[in-house]
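# Breakdown of the fold
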Amino acid sequence: MTDTDVVPAVPAAPVKTPPDQRRHAWTVTALLVVFMMVNFADKSVLGLAADPVREDLGLSASAFGLANSAFFLLFSICGAAVGLLADRVRPKWLLFTMAVLWSLSQAPLVLGGGLAVLVASRVLLGAAEGPAFPVAQQTTLSWFPNHRRNLPGALIVLGITLGVLVAAPVLTWVIHEHGWRTAVAVVAVAGAVWALLWIPFGGEGPYAGTRGSGTPEPVPADGPGADRAAHGSEADPAADSREADRVAEAAEDVAEAAGAARGTPYRRILATRTWIGATAAYFGTYWVIAFCLVWLPSYLHDGLGYSSVTSARLLMLVWGLSGVVVLGQAGLTGWLLRRGTSSRRARGGVGGVLLLVGAGACLALPAAPAGAATVVLLVAGFGCAGAMGSVAATTVAELAPADRRGGALGIMNAVVTTAGLIAPTLVGHLVDTHGTAGYRQALLITGVLLLLGGIAAVTLIDPARDARLLSARRADPLAPDHDAPRQLA
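Rules and cut-offs
Residues numbered from 1 in each chain as written. Predicted model: local features only at pLDDT ≥ 70, side-chain atom pairs only at ≥ 80, totals over all residues. Heavy atoms only, no water. Helix = DSSP H or I, 4+ residues; strand = E, 2+ residues; numbered from the N terminus. Buried < 20%, exposed > 50% of the residue type's maximum accessible area, 1.4 Å probe, protein only. Contact = heavy atoms within 4.5 Å. pLDDT = per-residue confidence, 0-100. Patch = residues over 30% accessible without salt bridge, like charges linked within 9 Å, V, L, I, M, F, W, Y side chains within 5 Å. Areas by Shrake-Rupley, 256 points an atom, 1.4 Å probe, with all protein chains shown as cover. Salt bridge = Lys/Arg side-chain N within 4 Å of Asp/Glu carboxyl O. Lys, Arg positive; Asp, Glu negative; His and termini not counted. Charge placed at Lys NZ, Arg CZ, Asp CG, Glu CD. Axes fitted to C-alpha atoms, helices over the stretch in contact; angles between N-to-C directions. Parallel < 35°, antiparallel > 145°, perpendicular 65-115°, else oblique. Left-handed = near helix turned anticlockwise from the far one by under 90°. Phe/Tyr/Trp six-rings, centres within 6.5 Å; stacked < 30°, edge-to-face > 60°. Arc of directions from axis to C-beta. Core = buried A, V, L, I, M, F, W, Y, C linked by side-chain atoms within 4.5 Å. Nonpolar A, V, L, I, M, F, W, Y, C, P; charged D, E, K, R; others polar.

On a plain count of helices and strands, the protein chain comes out with 22 helices and 0 strands. Counting all 489 residues of the protein chain, 55% fall into the buried class. By sequence separation, contacts in the protein chain at least 24 residues apart represent 84% of the contacts at least 6 residues apart.

On to the confidence of the model for the protein chain, then. Mean pLDDT over the protein chain: 81, with 82% of residues reaching 70 or higher. Low pLDDT (under 50) marks residues 1–16, which in the prediction has 44 contacts with non-local residues, meaning those over four places away or in another chain. Predicted confidence is poor over residues 210–245, with pLDDT under 50, and the contacts of this stretch with residues over four places away or in other chains come to 77 contacts.

A cluster of like negative charges, contributed by Asp-51, Glu-55, Asp-56 and Asp-302, occupies part of the molecular surface. A total of 3 residues in the negative patch trace back to one element, the largest contributor, which is helix H2 (residues 50–57). Structurally, Asp-51 can be placed in helix H2. Given a relative accessible area of 37%, Asp-51 falls into the partly exposed group.

Glancing now at the pattern of salt bridges. All told, the structure shown has 6 salt bridges when counted by the stated rule. Put simply, Asp-466 and Arg-465 hold a salt bridge, and the shortest N to O gap is 3.0 Å.

As a further point, take the packing of helix H15 (residues 308–338) against helix H16 (residues 343–364). The geometry of H15 relative to H16 is characterised by a closest axis approach of 9 Å and an angle of 155 degrees between their N-to-C directions. The pairing of H15 with H16 is recorded here as roughly antiparallel in orientation. Classified by chirality, the crossing of H16 by H15 is right-handed. Within the contact between the two elements, H15 uses Val-325, Gln-329, Leu-332, Thr-333, Leu-336 and Leu-337 and H16 uses Ser-343, Ala-346, Arg-347, Val-350 and Leu-354.

Here we take up the packing of aromatic side chains. In total, this model carries 14 aromatic pairs according to the counting rule given. Look at Tyr-282 and Tyr-286: their rings are 6.2 Å apart centre to centre, the planes differ by 75 degrees, and that puts the pair in the edge-to-face class. Of this pair, Tyr-282 and Tyr-286 both sit in helix H13 (residues 273–294), 4 residues apart, which is roughly one turn of that helix. There is no split in this pair, since Tyr-282 and Tyr-286 are both buried.

Let's shift gears to H2. Every buried residue belonging to H2 is among Ala-50, Val-53 and Leu-57, and all of these are buried. The buried residues of H2 all sit within an arc of 70 degrees when viewed along its axis, so they share a single face. Looking at the buried positions of H2, the neighbouring elements they touch are helix H1 (19–48), helix H3 (61–70), helix H6 (115–129), helix H9 (180–201) and helix H14 (296–303). Where H2 terminates, the next one or two residues include Gly-58, which has phi positive at roughly 65 degrees.

A cluster of nonpolar residues, Val-353, Leu-356, Val-357, Leu-363, Leu-444, Val-448, Leu-451, Leu-452, Ile-455 and Val-458, forms a patch on the protein surface that exposes about 760 Å² of accessible area. For the nonpolar patch, the secondary structure elements donating two or more residues are H16 and helix H21 (437–460). Here the element with the most residues in the nonpolar patch is H21; it accounts for 6 residues. Checked against the element boundaries, Leu-356 lands in helix H16.

If you look at the biggest cluster of nonpolar residues, it comprises 129 residues, and the most contacted ones within it are Leu-32, Phe-35, Val-53, Met-98, Phe-382 and Met-412. Look past the residues within four positions of Leu-32 in its chain and what remains in contact with it is Leu-95, Ala-136, Thr-139, Thr-140, Ile-156, Trp-194 and Trp-198.

Turning to its location among the elements, Thr-140 is positioned in helix H7 (residues 132–141). A residue is classified by how much of its surface remains accessible, and Thr-140, at 0% relative accessible area, is buried. With residues near it in sequence (within four places) discarded, Thr-140 still touches Thr-29, Leu-32, Pro-152 and Ile-156.

Here we come to the packing of H16 against H21. Direction vectors running N to C along H16 and H21 enclose 160 degrees, while the axes themselves pass 7 Å from each other. The orientation of H16 relative to H21 falls into the category roughly antiparallel. Along this stretch, H16 crosses H21, giving a crossing that reads as left-handed. Here H16 contributes Gly-348, Gly-349, Gly-352, Val-353, Leu-355, Leu-356, Gly-358, Ala-359, Cys-362 and Leu-363 to the contact with H21, which in turn contributes Leu-443, Leu-444, Thr-446, Gly-447, Val-448, Leu-450, Leu-451, Gly-453, Gly-454, Ile-455, Ala-457 and Val-458. Looking at side-chain class alone, the contact of H16 with H21 contains 14 nonpolar, 8 polar and no charged residues.

Inspection of the secondary structure assignment puts Ser-311 in helix H15. Judged by its relative accessible area of 6%, Ser-311 falls in the buried class. Each C-alpha atom, one on Ser-311 and one on His-301, is 6.1 Å from the other, the two residues being 10 residues apart in sequence. For Ser-311, the residues in contact, after removing those within four places along its chain, are Pro-297, Leu-300, His-301 and Tyr-306.

Turning our attention to the environment of Val-100. Following the sequence through the fold, Val-100 ends up in helix H5 (residues 91–111). Val-100 gets classed as partly exposed once you look at its relative accessible area, which sits at 30%. Linking Val-100 and Trp-194, residues 94 residues apart in sequence, is a C-alpha distance of 8.9 Å.

Next comes the structure, spelled out in structure tokens:
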């Protein structure tokens, strides 16, 4: 995508979307769900093979944590850089390139090598996977108007859960039967197969704003008649659903007219309370993801004493609840938005409350008696935190104009994924220093981060307010910046 002048908010003639385009939208969404599944299978394979890898390569807990943190060394930088690039280059080809690089970066590890090869492979893989989530979200959301984005956005996050749910039993079996290097080969081949499927079926949607050539895309407005025009050939059996859509579309029309203009500087978008709140909340979620991927299998086995089979089942239970929460949040948020509830409450409020529930469970977990109570708190604490990824992405997509969406999402992702760089190393250090008690300290840190993230989501997120402020600043650069931090006298 490129920086071009905005097309009219409401087309002169209704843009009518053929049924094929709706099918294409959901085909692209399904492919990107699989994309995220492969992405997180790549991330989780070393966590699932933690004990065999440490034994094979003779690694301490700190060294193993450092090797996993190496994955995030370039992850955040590349996430931001490619996110900005996605505002100028077609995301279709960026996603294809990522998938190819995933497979190539893991090939040396499949063939052999020790710690140096492991670290180099993970650094390159992390660089290629860093932009995956923001660019996948940007591409998926380009097929849907704002009030219809919650389900597809949630499905991309669900791909994370499905990736782990599928990877946990399949890769665990491969690791035990054929070795951990074979498991790495399996996920590398999966990435190559996805890349071949993406070429004929992938692409950006009509809400992307611009084509890769720099020519404006014919964008259906998020306003009255736009979504109805897109689906005008299909009869909606529910009258109340039609009325809800009309209300939502009218609200979006007003919001778009008053929202952030194309060409708004990135620094102003990043200084809004909404972007800061969404990023802070998502940081807590990503900390949980990094903990789950790298150390949760070992915590269940070594810290709580469960067998490998039981640990794998509990791991699937955590990710399974996370998937249910993600879909439930999407349904609730979409229902609220269609009935005129502001994004402040429908997105920030719902996402923030889920983080606060997760925080309470994590803070209570170290003091809980062993047994069922521990399992319930563990599943609730980690399972409720996952929905914030979808909330943050759809919130920033609502706030940022189309020509700044990729960069705003990419920079947010770069900031939050620093949690993946810090968490594995810190937890490994705590385990080496304090033994199994180190896991309890790590859980308390996780609970505090989720608590701060939940408070940030509830108090700061309000994309409609901040879009209006961005628009006012764009129209009058001398107007006071109400979103800037106040200086002390």
